[in-house]
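Inside the fold
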Amino acid sequence: MSPIRSRKGENHVSGELRTKRSHCIEPNPDTKTPHRIKVRHLNSKRQLARNEGQVTIVPCQRLTLKIMATYTVRSTKHEDHDNSECEAELRKLWDHWYQESPADRGSPQGTELISLSDTSDDTFPEIDVNQRPFPTEHLPDIAGKLVRAFRKRTNDQTPDALPAMAAIGTLSAAIGPGLLLEGLEGLTGGCGLYILAGACSSSGKSMILDQTFKPLEKIGLARSKKFEQGEKPRLERDLRELEKQKEKSAEDWEKIGDLKQRIECKPRLSCEDATTPAMVRLMARQSNDALSSISDEARDPIKNLLGKHTKGKTDEGFLTKAWSSKLYQCDRVTDSFEATIEEPWLSILWFTQPDQINQMATSPDLLYSGFFQRLLICDTKAYPAIITGPSVPESILNQWGDLLRDLHDSFRIAKSKVVVQPTEAARQLFNKYAQECVDRMNGDLEEVHTIPGKWNENAIRLALTFHAAEYGRDAPAHLVSESTASKAIKVMRWFADEMLAIVWTGISTQRRNRATALQKVIENHSPNRDGLTLGKLKNNHKFEESEIRKLCAEFPHLLALVEIRTTHRGGRNSARCILADWRNE
């Protein structure tokens, strides 16, 4: 490495690091050279951490990080220095973490130090790397076959994540509320999964979802047609006969009310572009309070969620309740609609453009209301693909359709629910993963501690989904094995990494927007270019002191804090926030 000239007698050397989740790299105790480690997000180029003697790795959108190690040389003069010493020290840090810490820090296999190169403090080139592939090997056998068949359909242009989302979401919709799994003590989870996947236009998502969900959709349409042509006319005939009676007893009036309600209860498997009130109406009319929301282009449902019909206020309350099957009561004045759903059940399978996923991640209401935590969310990195490969074999499609029919008839429309028990080994795995989530909430994910709150319960739901896909209608006769639980947890870890990448990007955007807003406030309300006091920013512009200090530390090229000394005796110094460009004036 060639020496570089830098300010204040400091030399800079950087290393690019690929990683899969957050870690903390402890420095080598034998290292004598002092280090200040800076970690920056490649996309936003913002400083995420600056700590003495340690490296904090934070996941970013592309799951690729750049580490810049800065060491202080003894000379105070501005002269050239040899970077070989710094390079050696950075490699020591890397080797110590990779060799000593993988067991207790969860070091991902395949992580490597790619290169060391000279860089200035402001140079962080973006590096495009392939996204970590979906762990298809952990899916149930038939789902894995389907995913690989769709990949061949586009000559390996389609990432496995895209058909995998369609397969898992369809299985969840087919099982419905009739099958439960006892996971932790006092926690029984169903198969209601909320899957939100990003994929570009012309990536094949419509074709994949059509072939994956069509067998189940046909079953739902056939059931609705049977009701319209058979059961509904009979119910209407019985209602007319009762209404013709001149004298009606209390029992007759009760039968009339029951018949009217049953006539309105047209079986409906799924909906697509539905507002929350419409979804509540549809669910209330189902005999088992179950509904699925399926869409290959969920732009409109997501707009509804973000407040299209609620004056900009997010409308996730019902979806949050339905995920947990909690009592939901709806009383609307505008259309006099009243509904009480004792155990609402909902599954979601939405494909949308990546920009809408980022839009959801930048909404604080969605991010911290509990809805985002319930999602299995990912960016599939599916780009436009040409369909030139062989069609999905009929044998796979027939096997898939038979499984969906078995699950639908056995559990989705069942009148009673069945609870499946896990083996003791599987239960211990769930307990261990729950503790892992808690440790991360109190550790490296403390800043976003609510995000892992539902990871373990989603892992339990994935395990139940995989178990049902393996045994079909015979699922209640078998215990959920340790292998199934392990596969579900591994798939959940993939979703967790995807969610963190999206969340960090969203938080970065939120902070950047707040920093820009603060910059405009100071620029518009400080004609003398002396900034605004923290008190005035809090009282007049809703910027808390703690937030201002964080923004100034995170965006030093935009904002700065200065101490203004008082000119009269006994007065206190005042802290003012100014624009970074005003510091030298």
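Residues numbered from 1 in each chain as written. Predicted model: local features only at pLDDT ≥ 70, side-chain atom pairs only at ≥ 80, totals over all residues. Heavy atoms only, no water.

The next point concerns the sheet that holds strand β16 (residues 375-379). The five strands are arranged β11-β12-β15-β10-β16 in an open sheet whose pairing can be described as parallel. If you trace the sheet from one side to the other, it starts and ends with β11 (270-271) and β16, each paired once. Pairing between β11 and strand β12 (residues 290-295): two bridges, direction parallel. If you follow Cys271 over to β12, its bridge partner there is Ser293. (Pairing = 2+ DSSP bridges. Helix = DSSP H or I, 4+ residues; strand = E, 2+ residues; numbered from the N terminus.)

Pairing between the strands of a sheet is mediated by backbone hydrogen bonds and can be parallel or antiparallel. Sheet architecture is open: three strands sit in the order β18-β20-β19, paired in antiparallel fashion. Unpaired on one side and paired on the other, β18 (532-533) and β19 (559-564) mark the two borders of the sheet. Here β19 runs beside strand β20 (residues 574-579); their pairing, made up of six bridges, is antiparallel. Across the sheet, the residue bridging to Leu561 is Cys577, located in β20.

Here we come to the nonpolar core. Among the nonpolar cores identified, the biggest contains 113 residues, and Phe134, Met165, Met360, Phe372, Trp455 and Leu462 are the most heavily contacted of them. Counting residues per element, this core draws most heavily on helix α15 (residues 482-525), which supplies 14 residues. Apart from residues lying up to four places away in sequence, Leu462 is in contact with Ile168, Leu193, Leu376, Ala488, Val491, Met492 and Phe495. By size, the runner-up hydrophobic cluster in this structure holds 20 residues, among which are Ile522, Leu534, Phe555 and Ile578. (Core = buried A, V, L, I, M, F, W, Y, C linked by side-chain atoms within 4.5 Å. Buried < 20%, exposed > 50% of the residue type's maximum accessible area, 1.4 Å probe, protein only. Contact = heavy atoms within 4.5 Å.)

Below, the discussion takes up the packing of helix α4 (residues 161-175) against helix α14 (residues 455-471). As a packed pair, α4 and α14 sit with axes 10 Å apart at the nearest point and diverge in direction by 80°. Judged by the angle between their axes, α4 and α14 are roughly perpendicular. Contact residues: Ile168, Leu171, Ser172 and Ile175 in α4; Leu462, Thr465, Ala468 and Ala469 in α14. Split by residue class, the contact of α4 with α14 holds six nonpolar, two polar and no charged. (Axes fitted to C-alpha atoms, helices over the stretch in contact; angles between N-to-C directions. Parallel < 35°, antiparallel > 145°, perpendicular 65-115°, else oblique. Nonpolar A, V, L, I, M, F, W, Y, C, P; charged D, E, K, R; others polar.)

For the rest of this paragraph, the subject is the packing of aromatic side chains. By convention here, two paired aromatic rings are described through the distance between centres and the angle between planes. Taken as a whole and judged by the stated rule, the model has five aromatic pairs. Judged by centre distance (6.2 Å) and plane angle (50°), the ring pair of Tyr194 and Phe371 falls under tilted. Here Phe371 lies in the loop between α11 (364-368) and β16 and Tyr194 lies in strand β10 (residues 194-198), a separation of 177 residues in the sequence. When sorted by exposure, Tyr194 lands in the same class as Phe371, which is buried. With a centroid separation of 5.2 Å and 80° between ring planes, the pair formed by Trp494 and Phe495 is classed as edge-to-face. (Phe/Tyr/Trp six-rings, centres within 6.5 Å; stacked < 30°, edge-to-face > 60°.)

Residue position: Leu306 is located in the loop between α8 (299-305) and α9 (317-324). Judged by relative accessible area, Leu306 falls into the buried class, the value being 17%. Considering only alpha carbons, one finds Leu306 and Glu316, 10 residues apart in sequence, at a separation of 8.2 Å. If we skip the residues at most four places from it in the chain, Leu306 touches Gly312, Lys313, Thr314, Gln359, Met360, Ser363 and Leu366.

No statement about biological role is implied by the geometric values presented.
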